[in-house]
Amino acid sequence: MLRSSIRAYSSATSRPFRLAVIGSGPAGFYTSHRLLKEVTNVKIDVYDSLPVPHGLVRFGVAPDHPEVKNVMTTFDKVAEDDRFRFLGNVTIGPSSKASKNISVQELKKHYDAILFSYGASEDRHLGIPNENVYGVESARAFVAWYNGLPQFENLKLPLDQTDTAVVIGQGNVALDVARVLLTPIDTLRKTDITEYALEALSKSKIRHVHVVGRRGPLQAAFTSKELREQMNLPNVAYKADKDWIKSEIDAAQPYLSKRRPLKRMMGILEKGSPTTSADRSWSLEFLRSPTEILTDTNQTKVRGIRYELNRLEGPSPLETKAVGTGELEDRECGLVLRSIGYKSLPMEGVPFDARQGRVPNNYGKILDSEGQEVPGMYTAGWLKRGPTGVIVSTMTDAYETADTIAQDIKESRAMLNDNDDSDKKGADGLEDIFKSRDIRPVSYADWKRIEAAEFSAGEKLGKPREKFVKVEDMLAVLQ
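Residues numbered from 1 in each chain as written. Predicted model: local features only at pLDDT ≥ 70, side-chain atom pairs only at ≥ 80, totals over all residues. Heavy atoms only, no water.

Engineer: What should I look at first to understand the overall build of the protein chain in this one?
Structural biologist: The helix and strand tally for the protein chain stands at 18 helices and 18 strands. Here the C-alpha atoms of the protein chain give a radius of gyration of 24 Å, agreeing with the 23 Å that 2.2 N^0.38 yields for 479 residues. Here the C-alpha coordinates of the protein chain stretch approximately 70 × 55 × 40 Å along the principal axes. Nonlocal contacts in the protein chain, meaning residues at least 24 apart in sequence, comprise 75% of its contacts between residues at least 6 apart. By element, 48% of the accessible surface of the protein chain is carried by carbon and sulfur atoms, the whole surface being about 21,800 Å². (Helix = DSSP H or I, 4+ residues; strand = E, 2+ residues; numbered from the N terminus. Rg over C-alpha atoms; globule rule 2.2 N^0.38 Å. Contact = heavy atoms within 4.5 Å. Areas by Shrake-Rupley, 256 points an atom, 1.4 Å probe, with all protein chains shown as cover.)

Engineer: Would you mind going over the sheet that holds strand β14 (residues 335-338) with me for this structure?
Structural biologist: Hydrogen bonds between backbone groups are what pair the strands of a sheet, and the pairing can be parallel or antiparallel. An order of β6-β14-β7-β8-β10-β9 is seen for the six strands of this open sheet, with the pairing classed as parallel. In the strand order of this sheet, the two ends are held by β6 (136-138) and β9 (236-239), each with one partner. Strand-to-strand twist in this sheet, taken as the mean axis angle between neighbours without regard to direction, amounts to 20°. Relative to strand β10 (residues 280-285), β9 runs parallel, the two sharing four bridges. By the bridge assignment, Ala237 is partnered in β10 with Ser281. (Pairing = 2+ DSSP bridges. Axes fitted to C-alpha atoms, helices over the stretch in contact; angles between N-to-C directions.)

Engineer: Just checking my understanding: could you explain a positive patch on the surface for this structure?
Structural biologist: Residues Arg228, Arg260, Lys263, Arg264 and Lys271 make up a contiguous surface patch of positive charge. Per-element accounting of the positive patch gives the leading share, four residues, to helix α13 (residues 260-271). Position of Lys263 among the secondary structure elements: in helix α13. With a relative accessible area of 42%, Lys263 lands in the partly exposed category. (Patch = residues over 30% accessible without salt bridge, like charges linked within 9 Å, V, L, I, M, F, W, Y side chains within 5 Å. Salt bridge = Lys/Arg side-chain N within 4 Å of Asp/Glu carboxyl O. Lys, Arg positive; Asp, Glu negative; His and termini not counted. Charge placed at Lys NZ, Arg CZ, Asp CG, Glu CD. Buried < 20%, exposed > 50% of the residue type's maximum accessible area, 1.4 Å probe, protein only.)

Engineer: Explain the pairing of β14 here, please?
Structural biologist: Put simply, side chains in a regular strand alternate between the two faces of the sheet. What you see with β14 is no split at all: Leu335 and Leu337 on one side and Val336 and Arg338 on the other are buried throughout. Summarising the sheet, β6 and β14 pair through three bridges and their orientation is parallel. Each bridged residue has a counterpart across the sheet, and for Ser138 the counterpart in β14 is Arg338. Where strand β7 (residues 164-168) and β14 come together, four bridges link them in parallel fashion. Its bridge partner being in β14, Ile168 is matched across the sheet by Arg338.

Engineer: Would you take a moment to explain the confidence of the model for the protein chain for this structure?
Structural biologist: Do not read the fine detail of predicted coordinates wherever pLDDT is low. In this model, the protein chain carries an average pLDDT of 93, and 97% of its residues clear a pLDDT of 70 or more. Contacts from residues 1-12, a stretch scored under 50 in pLDDT, to residues over four places away or in other chains number 19 contacts. (pLDDT = per-residue confidence, 0-100.)

Engineer: What should I look at first to understand the pairing of strand β8 (residues 208-212) in this one?
Structural biologist: Within β8, four of the five residues are buried, which leaves the element mostly enclosed by the surrounding structure. With five bridges joining them, β7 and β8 adopt parallel strand pairing. Its bridge partner lying in β8, Val166 is registered against His210. Pairing between β8 and β10: five bridges, direction parallel.

Engineer: Help me understand the environment of Ser14, please; the structure alone is not making it clear to me.
Structural biologist: Mapped onto the fold, Ser14 is located in the loop between α1 (2-12) and β1 (17-22). Since its relative accessible area comes to 77%, Ser14 is described here as exposed. Between the C-alpha atoms of Ser14 and Asp423, which are 409 residues apart in sequence, the distance is 9.2 Å.

Engineer: Can you walk me through the environment of Lys470 in this structure?
Structural biologist: Checked against the element boundaries, Lys470 lands in the loop between α17 (444-461) and α18 (471-476). Residue Lys470 is classed as partly exposed on the basis of its relative accessible area, which comes to 32%. A distance of 2.6 Å separates the side chain of Lys470 from the side chain of Glu153, its partner in a polar contact. (Polar contact = N/O pair within 3.5 Å; in protein donor to acceptor, adjacent residues only side chain to side chain.)

Engineer: Would you explain the side chain of Asp176 in this entry?
Structural biologist: Its location among the elements puts Asp176 in helix α7 (residues 172-182). The class of Asp176 is buried, set by a relative accessible area of 8%. Other than its neighbours up to four places away in sequence, Asp176 contacts Ala62, His65, Tyr146 and Glu226.

Engineer: Whenever I open this one, the packing of aromatic side chains confuses me. Can you help?
Structural biologist: In this description, a pair of aromatic rings is defined by centroid distance and the angle of the planes. By the definition in use, this model includes 13 aromatic pairs. Judged by centre distance (5.4 Å) and plane angle (35°), the ring pair of Phe29 and Phe84 falls under tilted. Of the two residues, Phe29 is situated in helix α2 (residues 26-38) and Phe84 in strand β3 (residues 84-87); the sequence distance between them amounts to 55 residues. On the basis of relative accessible area, Phe29 is assigned to the buried category, the value being 0%. (Phe/Tyr/Trp six-rings, centres within 6.5 Å; stacked < 30°, edge-to-face > 60°.)

Engineer: What's the story with the packing of α2 against helix α4 (residues 71-79) in this structure? I'm lost.
Structural biologist: Any two packed helices are characterised by the angle at which their axes cross and by the distance between the axes. The contact between α2 and α4 brings their axes to 10 Å, and the two run at 50°. When the axes of α2 and α4 are compared, the pair comes out oblique. Considering only the axes of α2 and α4, their crossing is left-handed. On α4, the residues that touch Pro26, Phe29, Tyr30, Ser32, His33 and Leu36 of α2 are Val71, Thr74, Phe75 and Val78. Here the residues of the contact of α2 with α4 sort into seven nonpolar, three polar and no charged. (Parallel < 35°, antiparallel > 145°, perpendicular 65-115°, else oblique. Left-handed = near helix turned anticlockwise from the far one by under 90°. Nonpolar A, V, L, I, M, F, W, Y, C, P; charged D, E, K, R; others polar.)

Engineer: Can you walk me through the pattern of salt bridges in this structure?
Structural biologist: Pairing is possible between side chains that carry opposite charge, provided their charged atoms lie close to one another. Within this structure, the stated rule accounts for 42 salt bridges. Close ionic contact of Arg440 with Asp446 constitutes a salt bridge, the shortest N to O distance being 2.9 Å. Relative accessible area serves as the criterion here: at 12%, Asp446 is assigned to the buried category. A single network of salt bridges, built from pairs that share partners, joins Arg58, Asp76, Lys448, Glu451, Glu454 and Arg465.

Engineer: I tried to follow helix α15 (residues 391-410) on my own but got confused; where do I start?
Structural biologist: For an α-helix the count is 3.6 residues per turn, leaving residues at separations of three or four pointing the same way. When the terminal C-alpha atoms of α15 are compared, their 28 Å separation across 20 residues agrees well with the 28 Å that a helix rising 1.5 Å per residue should span. Turning to α15, its buried residues number three or more, namely Ile391, Thr394, Asp397, Ala398, Tyr399, Thr401, Ala402, Thr404, Ile405, Ala406, Asp408 and Ile409. Once α15 ends, the next one or two residues include Ser412, with phi positive near 55°. (Expected span 1.5 Å × (residues − 1).)

Engineer: I keep staring at unusual backbone geometry and nothing clicks. Help me out?
Structural biologist: Glycine aside, a negative phi is what most residues show, and trans is what most peptide bonds show. Unusually for a residue other than glycine, Asn89 sits at a positive phi of about 65°. Along the polypeptide, Asn89 turns up in the loop between β3 and α5 (104-108). In the Ramachandran plot, Asn417 falls in the positive-phi region, its phi being about 55° despite a non-glycine side chain. Note on placement: Asn417 falls in the loop between α15 and α16 (431-436). Asn417 sits in the partly exposed class, given a relative accessible area of 28%.

This is the structure:
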């Protein structure tokens, strides 16, 4: 019903509905995918500050998970639609004479609506003493490093100076980084992990990784798939207080009986790993909150971490809180990776809830500080809901926003520039700005040339691809 109504409305409209999308990750592509199906007379321009698209699919998915990256095939099909246009190497942000940015205000003049889907590019901090010394890093930066995100290739990590790493957090990213640290180097050589990361990891002395959470096993945020994969790492033993974990699971059986996915995951946890003894190991440690990074005498690098031990309080596993007991415990280690979540950053001209770290919205329609809908302004992905969920969650979320946009078009609701009946030109209206600021937009066809060069470089190394890690090297392909 919705689709036919919109198509009838759209075909009767003399000019296309112009949408700008800020961010070319899964949220931007999936929203575009849905909208192109639902609305006939639409033109979509997707902007990204990098010359290459796909966001976290390219820079966040673990290199040993190529099947997850298959969604890029779907995105390629979206880009084949002549109503869709990719403009990479274009940064949307505060503009000035010195910057090459294009401001949201400048963008608004040429579109009926803007979708903000630029994700969460910062990580949360522990807020404890000595967190900034050498050897403490965010899992986000570590992932960006091994996945080739520009500006991260020179990240320094003490991989060859310690045999023990601690990962703070118990989500999928925490297990990703633990797995990469412990996976045999010859296995990683067959992936699209960067060559500089391969070189560093080949010299790594890391043999033990502790994945630490402040609550218990039932509150861990990783998924069954990731946990099973971690348990089956070749020649890597799994260590934990298995009796305590079993008692926690047994006590929660009435709760678990109504939650099959969680029950399945607890079954994997209780079963453990087929490898009981090996020179490499990983552990899950619960009921621990970091209170301090322990340093060498010069306070220049990590030598350990101090925890406060917790107890669980609450009426049910879903409502459990970690409460400190005052008892402290020290753990020796030479690398600490915090994996306690990402956060989005505000953009000038866009409402932002700093406390929740996201753009306030109603089904993807952006709301102002008074809770009123802002005409023609939408959001999707982590910026919309917070940095949680996997790619499938983002697809569902993006489709919801696309349906909101489609419904607003159908109902002729207020958009940007409603008092201006002239034909919006989209990115074509920005050509003078592109020239004056020396901005060289990269098209999707350009991206496919860059990708072809990556495939070619990877083939010579026996890999799926070898990513360019510098923007200038990406652009050099197009010269």
